Amino acid sequence: MYDALTARYTFSCPERGEARVALSSFRRVEQLPGPSQPAVFEIEFGCGCGTEHPGLVSHDELDWAPLGLGGEARFVNLMTATVDPLDAELADLAARRIQAGQWPWSFFCYAEDRPRPMFPSAFVVLAPGGRGGEVGLAVRCPVCSSISVNLVSAQHLDVPFHNDREVGVVEQVFPADAERVVEEFAAELDSAGFDSRRLGLQ
Ligand SMILES: [Zn+2]
Ligand SMILES: [Zn+2]
């Protein structure tokens, strides 16, 4: 479902049969209620056919597959000792970078006034439309649970460990209620009320 070579997820499109999309094409991410292990997320993505479709993605695929740490690679490794070489290389590189204090994704938490490492499962709503091709996104901080809105490059989302030096931050704490966030978020993107913050995690 996630292809590390192209950094794309595959979902189905009623129009074209199949859609391959990067994280920056996601529009909403919501964890489904229930005890499933790993957790399952329902997403909506902007499709090449011009509309948005729903899709399902497991927690492993959402957060770990882009780092080569998907559940499947580990399974193959244990059972047969043969691993897709690309996955193994990616996973090794990712593990070393994380040990060295680099994070695959970081966003700015406005409530805490500091950058925080976050994974794609922290995404709430995303919207394209920045003048330079940026993506606005609402993220739920895993530490304080507050929702912040950042404006980042598509690469910041799609390429793990590629971090923008500065990101746009809306100077507002958003309500935890997801539907209101969507409304306020759309309004903020139009008003371009972003302030820039450095992302260095030191
Ligand atoms: Zn489509
Ligand atoms: Zn926070």
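Before any of the text, the structure's been laid out above.
Notes on the structure follow. (Residues numbered from 1 in each chain as written. Chains lettered and ligands numbered in written order. Predicted model: local features only at pLDDT ≥ 70, side-chain atom pairs only at ≥ 80, totals over all residues. Heavy atoms only, no water.)

Focus: the coordination of the zinc ion (ligand 1)
And step 1. For the zinc ion (ligand 1), the full set of protein donor atoms is Cys13 (SG), Cys47 (SG), Cys49 (SG) and His53 (NE2), at a range of 2.1 to 2.3 Å.
And step 2. Classification of the site at the zinc ion (ligand 1) rests on its 4 donor atoms, whose angles at the metal span 103 to 117°, yielding the label tetrahedral.
And step 3. Positions of the donor residues of the zinc ion (ligand 1), expressed as sequence spacing, correspond to C-x33-C-x1-C-x3-H. Highlighted residues: Cys13 in the loop between strand E2 (8-11) and strand E3 (19-21) and Cys47 in the loop between strand E5 (40-46) and strand E6 (52-58), separated in sequence by 34 residues. The residues Cys13 and Cys47 share a single accessibility class, namely buried. (Donors = N, O, S within 2.8 Å, 3.2 Å for Na, K, Ca; no water. Tetrahedral: all angles 85-135°; square planar, octahedral: opposite > 155°, others 65-115°. Helix = DSSP H or I, 4+ residues; strand = E, 2+ residues; numbered from the N terminus. Buried < 20%, exposed > 50% of the residue type's maximum accessible area, 1.4 Å probe, protein only.)

Regarding the packing of aromatic side chains
Here the distance between the centres and the angle between the planes together describe a pair of aromatic rings.
And step 1. Overall, the coordinates contain 9 aromatic pairs when judged by the stated rule.
And step 2. Their ring planes at 50° and their centres at 5.0 Å tell us that Trp64 and Phe119 sit as a pair that is tilted. Here Trp64 is found in helix H1 (residues 59-64), whereas its partner Phe119 is found in the loop between strand E8 (114-117) and strand E9 (123-128), with 55 residues between them in sequence.
And step 3. A residue is classified by how much of its surface remains accessible, and Trp64, at 28% relative accessible area, is partly exposed.
And step 4. By relative accessible area, Phe119 is classed as buried at 17%.
And step 5. Aromatic pair Phe107 and Phe123: ring centres 5.7 Å apart, planes at 90°, arrangement edge-to-face. In this pair, Phe107 is assigned in strand E7 (residues 106-109) and Phe123 in strand E9, connecting sequence segments 16 residues apart.
And step 6. For Phe123, a relative accessible area of 2% translates into the label buried.
And step 7. Through a chain of ring-to-ring contacts, the aromatic side chains of Tyr2, Tyr9, Phe11, Phe26 and Phe45 assemble into a single cluster. (Phe/Tyr/Trp six-rings, centres within 6.5 Å; stacked < 30°, edge-to-face > 60°.)

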